[in-house]
Amino acid sequence: PVLQLINSTTGSADSDGFLLTQSGLDSYLENTEAGNMYFRTSATNRIAINSGGSVGMGTVSPSYELEVAGSISNYGDGKLIRLRSSDYIIAQIENKGTGVDLDKGYFRLFDTGVAKVVLDSAGSSSFLGGNVGIGVSPSTRLHVSYPAVGQSGSAVTSITTTQATNLGVKLSFTGGDNSNGNIIG
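Residues numbered from 1 in each chain as written. Predicted model: local features only at pLDDT ≥ 70, side-chain atom pairs only at ≥ 80, totals over all residues. Heavy atoms only, no water.

A. Structural context of the confidence of the model for the protein chain. Overall, the predicted model of the protein chain reaches an average pLDDT of 80, with 77% of residues at or above 70. Taking the mean pLDDT of every element in the protein chain, the minimum, 48, falls on strand S17 (residues 182-184) and the maximum, 95, on strand S6 (residues 55-57). In the model, residues 162-168 has pLDDT below 50 throughout and makes 8 contacts with residues more than four positions away in sequence or in other chains. (pLDDT = per-residue confidence, 0-100. Helix = DSSP H or I, 4+ residues; strand = E, 2+ residues; numbered from the N terminus. Contact = heavy atoms within 4.5 Å.)

What follows is the structure, given as structure tokens:
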């Protein structure tokens, strides 16, 4: 069975207007015209589906396949939010662990399916590949722009690690009051 709603702008053919259709166990709401569909409560549009198929919640003119103007909440243990391209997972936010650890946050950024940035609120976090900057765009593996503890004056502009022959790791500090200070460990 089909319920059809038409008006003077839709035409009156079987393929015109708004259709409510029942087919077997499936039900369909269909705007056969090149217009939008709106779901309303309290005389206010709450959800919009534009003629191109984009869905807006809290907006009547979505610019993306799904656009939400407001807060999103994802309840329940074992749930996640995932951003993906057509080939790979790009980012993922999830709760981690089992039991009491299920209330811990876990965020990952991926490069072609490999986790490169991991932020774990209940464990170790890592940045794999690339440079890390704190207060500055990095030019070295770790680049910090902030005065070091106990220093005054200008900020430490970079901290780099290099392999020193037979000495282990060398930390070089440049800028600030201790511009020539190197610590070898």
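B. Examining the environment of Gly70 more closely. Of note, Gly70 is situated in the loop between strand S7 (66-68) and strand S8 (80-84). Using a relative accessible area of 57% as the deciding quantity, one classes Gly70 as exposed. For the pair formed by Gly70 and Thr59, sequence separation is 11 residues and the distance between their alpha carbons is 9.2 Å. (Buried < 20%, exposed > 50% of the residue type's maximum accessible area, 1.4 Å probe, protein only.)

C. Expanded view of the pattern of salt bridges. Scanning the entire structure with this criterion turns up 1 salt bridge. Where Arg108 meets Glu94, a salt bridge forms, and the shortest distance between an N and an O atom there is 2.8 Å. You can see Arg108 sitting in strand S10 (residues 104-111) and its partner Glu94 sitting in strand S9 (residues 89-96), a full 14 residues away along the chain. Under the relative-accessibility criterion, Glu94 is labelled buried at 19%. (Salt bridge = Lys/Arg side-chain N within 4 Å of Asp/Glu carboxyl O.)

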